[in-house]
Amino acid sequence: MRDEVRVEVDVAERHLTIVECRPPWRGGMGAKWTRFPIARLRYTKSAGMWSLYWRDRDLRFHAYDLVSPTASVEELLGELDRDPTAIFWG
């Protein structure tokens, strides 16, 4: 199934939302893929820093406190990929 899942990014003015996309999982559901937000990267312009947020079951985002805000988006994406607490990818 992993080869059928894709990860996309929704871009807004002050944040990026990482979205997991899955193909229709049963017949009759149409051709529309399911989109599920996984994490958010928020940018604070005054500090020039990005922060990582995790999403709860009610689709609300909360600060992820295991990595400090950073100017490096790559550092936050690395933490998201590692997911040491399984809070992002389960």
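Residues numbered from 1 in each chain as written. Predicted model: local features only at pLDDT ≥ 70, side-chain atom pairs only at ≥ 80, totals over all residues. Heavy atoms only, no water.

Next up on the list: the overall build of the chain. The number of helices and strands found in the chain is one helix and five strands. The helix and strand sequence of the chain, counted from the amino end, reads β-β-β-β-β-α. Taking the principal axes of its C-alpha atoms as reference, the chain extends roughly 50 × 30 × 25 Å. Counting every position in the chain, which comprises 90 residues, the buried fraction comes to 31%. A separation of at least 24 residues holds for 26% of the contacts in the chain among residues at least 6 apart in sequence. Of the roughly 6,300 Å² of accessible surface on the chain, a fraction of 51% belongs to carbon and sulfur atoms. Taking the average place of the 14 positive charges on the side chains of the chain and the average place of its 14 negative ones, the gap between the two points comes to 7 Å. (Helix = DSSP H or I, 4+ residues; strand = E, 2+ residues; numbered from the N terminus. Buried < 20%, exposed > 50% of the residue type's maximum accessible area, 1.4 Å probe, protein only. Contact = heavy atoms within 4.5 Å. Areas by Shrake-Rupley, 256 points an atom, 1.4 Å probe, with all protein chains shown as cover. Lys, Arg positive; Asp, Glu negative; His and termini not counted. Charge placed at Lys NZ, Arg CZ, Asp CG, Glu CD.)

Evaluated as defined, the whole model comprises two aromatic pairs. Ring plane angle 50° and centroid distance 4.9 Å describe the contact between Y43 and W50, whose orientation is recorded as tilted. We classify W50 as buried; its relative accessible area is 16%. The cationic tip of R6 hangs over the ring face of W33; the distance from NZ or CZ to the ring centre is 3.8 Å. When the ring centre of Y53 is taken as reference, the NZ or CZ atom of R42 above it lies at 4.2 Å. (Phe/Tyr/Trp six-rings, centres within 6.5 Å; stacked < 30°, edge-to-face > 60°. Lys NZ or Arg CZ within 6 Å of the ring centre and 35° of its normal.)

Another point: the environment of Y43. Mapping Y43 onto the fold places it in strand β3 (residues 34–44). You can call Y43 partly exposed: its relative accessible area is 29%. Taking the C-alpha atoms as reference points, Y43 and V73, 30 residues apart in sequence, are found 9.6 Å from one another. Sequence-distant contacts of Y43, defined by excluding residues within four places in its chain, comprise R14, G48, M49 and W50.

Here the focus is the sheet that holds β3. The five strands are arranged β1-β2-β3-β4-β5 in an open sheet whose pairing can be described as antiparallel. At either end of the open sheet lies a strand with only one pairing partner, and these are β1 (6–11) and β5 (61–63). On average, each strand axis in the sheet is tilted by 35° relative to the strand beside it, whichever way the strands run. Pairing between strand β4 (residues 49–55) and β5: three bridges, direction antiparallel. Across the sheet, the residue bridging to W54 is H62, located in β5. (Pairing = 2+ DSSP bridges. Axes fitted to C-alpha atoms, helices over the stretch in contact; angles between N-to-C directions.)

It is worth stressing that arrangement in space is one thing and function is another; only the former is reported here.
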